[in-house]
Amino acid sequence: MTLLSLLVATQIARADAPAVAEPVAETVAEPVVAAAQPPASPSASLDPSAVDLYRSALEAWRGKNVADALTLSTASVNADPLLAEAWLLRSYAHLRLDDRTRALASVRLARESSRADVRAAARALEAQLTEVYVRDSPTLYFGLGPQIELRYGQSVPHMALNLGVGVPVLKRISARVEVRWTALDPRDLGVAGARASAMAAWTLPLGNGRWSLTPSVGPSLWLATGKYWLDGSNPYLGARADVDLDGRLSPTVGIYLAAGTDVYPGQMAELSWLAEPLDFRTGMRFWFWGG
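Here is what the cut-offs are and how they apply
Just so you know, the residues in each chain are numbered from 1, in the order the chain's sequence is written. Whole-chain, interface and lining totals are the exception, using all residues; otherwise, since this is a predicted model, local features are given only for residues with pLDDT of at least 70 and side-chain atom pairs are given and counted only at 80 or more. For the side-chain quantities, the full set of heavy atoms in the structure was used; hydrogens and water were omitted. A pair of strands is treated as paired once DSSP finds two or more bridges between them. Numbered from the N terminus, helices here are DSSP runs of H or I no shorter than four residues, and strands are runs of E no shorter than two. A helix is expected to reach a length of 1.5 Å times the quantity of its residues less one. The cut-offs for exposure are 20% and 50% of the maximum accessible area for each residue type, with area from a 1.4 Å probe on protein chains only; residues under the lower value are buried, those over the upper are exposed, and the others partly exposed. Here the arc refers to the set of directions running from the helix axis out to each C-beta atom. By definition, residues are in contact when any of their heavy atoms lie within 4.5 Å. The salt bridge criterion pairs a side-chain nitrogen of Lys or Arg with a carboxyl oxygen of Asp or Glu, the two atoms within 4 Å. For the purposes of this section, nonpolar cores are sets of buried Ala, Val, Leu, Ile, Met, Phe, Trp, Tyr and Cys residues that join through side-chain atoms within 4.5 Å. To get an axis, fit a line to the C-alpha atoms, keeping to the stretch in contact for a helix; angles then go from 0 to 180 degrees between the N-to-C directions. For classification, angles of less than 35 degrees are called roughly parallel, those exceeding 145 degrees roughly antiparallel, those between 65 and 115 degrees roughly perpendicular, and all remaining angles oblique. Helix crossings fall into two classes, left-handed where the near helix is turned counterclockwise from the far one by less than a right angle and right-handed where it is turned clockwise. Pairs of N or O atoms are called polar contacts if they sit within 3.5 Å, as long as, within protein, a hydrogen donor faces a hydrogen acceptor (for residues adjacent in sequence, only side-chain-to-side-chain pairs). Note on aromatic contacts: the rings of Phe and Tyr and the six-membered ring of Trp form a pair at centre separations within 6.5 Å, being stacked when their planes are under 30 degrees apart, edge-to-face when over 60 apart, and tilted otherwise. For a ring to carry a charge above it, either NZ of a lysine or CZ of an arginine must fall within 6 Å of the ring centroid while also lying within 35 degrees of the normal to the ring plane.

A.B. asks: Would you mind showing me how to read the pairing of strand β2 (residues 154-170) here?
C.D. replies: On any regular strand, side chains alternate: one points to one face of the sheet, the next to the other face. Pairing analysis gives 13 bridges linking strand β1 (residues 139-151) to β2, with the strands arranged antiparallel. Considered in β2, the bridge of L150 is made with S155. Hairpin connection, β1 to β2: the antiparallel pair is bridged by two residues, and Y152 has positive phi, about 55°. As judged from the ten bridges shared by β2 and strand β3 (residues 173-182), these two strands associate in the antiparallel manner.

A.B. asks: Hey, could you run me through helix α6 (residues 116-130) in this one?
C.D. replies: The terminal C-alpha atoms of α6, which comprises 15 residues, lie 21 Å apart, in line with the 21 Å expected from a rise of 1.5 Å per residue. For α6, the complete set of buried residues consists of V118, A122, L125, E126 and L129. Viewed along the axis of α6, the buried residues span an arc of 105°, placing them on a single side of the element. Considering only its buried residues, α6 is in contact with α4 (84-96) and α5 (100-110).

A.B. asks: Please explain the pattern of salt bridges as it appears in this structure.
C.D. replies: Two side chains carrying opposite charge are able to pair once their charged atoms lie near each other. Inspection of every chain in the model, using the stated rule, returns 21 salt bridges. Between R102 and D99 there is a salt bridge, with its nearest N and O atoms 2.9 Å apart. When the shortest N-O distance is used, the salt bridge between D246 and R285 registers 2.9 Å. Residue D246 is located in strand β7 (residues 233-248), and its partner R285 is located in strand β9 (residues 274-287); the two are separated by 39 residues in the primary sequence. According to the relative accessible area criterion, D246 is buried, its value standing at 1%.

A.B. asks: Help me understand the nonpolar core in this model?
C.D. replies: Soluble, globular proteins show a tendency: their nonpolar side chains are buried together. Counting residues in each nonpolar core, the largest one holds 28 residues, and the members touching the most others are Y54, W61, L88, L89, V107, L125 and L129. Residue contributions to this core peak at eight residues, all from α4. By size, the runner-up hydrophobic cluster in this structure holds nine residues, among which are W222, A224, Y264 and W273.

A.B. asks: Would you explain the packing of α4 against α5 in this entry?
C.D. replies: Each pair of packed helices can be summarised by the angle the axes make with each other and by the distance between the axes. For the pair α4 and α5, the least separation of the axes is 8 Å and the interaxial angle reads 160°. Relative to α5, the element α4 lies roughly antiparallel. When the axes of α4 and α5 are compared, the crossing they make is left-handed. Between α4, through A84, W87, L88, R90, S91, H94 and L95, and α5, the contact on the second element is made entirely by R100, R102, A103, S106, V107, L109 and A110.

A.B. asks: What is the right way to read the side chain of Q147 from this model?
C.D. replies: Take Q147: it is sitting in strand β1. Separated by 3.3 Å, the side chains of Q147 and T182 make a polar contact.

A.B. asks: Looking at this structure, I do not really get helix α3 (residues 66-79). What am I missing?
C.D. replies: Residues three or four positions apart in an α-helix share a direction because the helix packs 3.6 residues into each turn. For α3, with 14 residues, the first-to-last C-alpha span of 20 Å sits near the 20 Å given by 1.5 Å per residue. Of all the residues in α3, the buried ones are V66, A69, L70, S73, T74, S76 and V77. All buried residues of α3 fall inside an arc of 160° around its axis, so they share one side.

A.B. asks: Whenever I open this one, the pairing of strand β4 (residues 191-202) confuses me. Can you help?
C.D. replies: One ladder, built from ten bridges, connects β3 with β4; its direction is antiparallel. Across the sheet, the residue bridging to V177 is A198, located in β4. Examined bridge by bridge, β4 and strand β6 (residues 211-226) share nine bridges and lie antiparallel to one another. The residue of β6 that forms the bridge with R195 is W222.

A.B. asks: Hey, could you run me through the packing of aromatic side chains in this one?
C.D. replies: Working definition: an aromatic ring pair is given by the centre-to-centre distance plus the angle between the planes. The full count for this structure, using the stated rule, is nine aromatic pairs. Taking the centre distance of 6.0 Å and the plane angle of 25° together, the rings of F142 and F286 count as stacked. Taken together, the positions of F142 in strand β1 and F286 in strand β9 put the pair 144 residues apart, joining distant regions of the chain. Here Y228 and W229 contribute two aromatic rings whose centre-to-centre distance is 6.1 Å and whose plane-to-plane angle is 70°, an arrangement assigned as edge-to-face. Overall, Y228 belongs to the partly exposed group, its relative accessible area being 29%. Looking at W229, the relative accessible area reads 15%, which means it is buried. Through a chain of ring-to-ring contacts, the aromatic side chains of Y152, W222, Y228, W229, Y236, Y264 and W273 assemble into a single cluster. If you follow R195 out to its NZ or CZ, it ends over the ring of W222, 3.9 Å from the centre. Residue placement shows R285 over the ring face of Y256; its charged tip is 4.6 Å from the ring centre.

Below you can see the structure in the form of structure tokens.
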């Protein structure tokens, strides 16, 4: 640890010390993720009192007394800023009290530990604190891509635009509404129009979760347009299945790649020579209120 890091650590600890003396509300906010237990046996410290304070903080933590754990771990790092175990415990306590900013500042100092297990725990906790992939807020997305149409078995691509919104319902489960519009040359004897789908989506994080895979399924309404009907349009009710891969580049902005398919029984009965088995889309996705 550099001298600058020591000074910053000491200042953080001393600046926070008065704040933890305030009484804590009876209902303590749950952490965003379940915290692992801090190391039970601290490494050697320059100040024996710092080790004693850490052990007292650990006992308070195990007794679910988060306020005392925070106060004692802060006192421990004030006594010895090199005691990484105390920084780690202090980070857990801040997280339990829903103060992610101070939790992150403490866990980064815990990463300087000489102990491999402390460094590993600190890295894991830092990754949880800095994750930008939590899909826990409403999202707006839009883009375009080719839609493959089969006419008598011949592939004819069209360009389709799409606009969608998503709203979280439960953890990893959201509701989506998406509208797609297919462009068609007016001189072309084909079928185009707009499709609206309401889908239930389930998000599966990949790796560290910055990228995620989201399959979705639900009913779909196609307001088909073309020269096959006297009034120029006809509605079809069916179903849609979709899967998209998105990357959350920041708490608010990301990109996505998606593929989907629609099935409309009425269209298959009336226009049996026409099929639209697959469409691809890519575009931007925006999350509101961050992650």
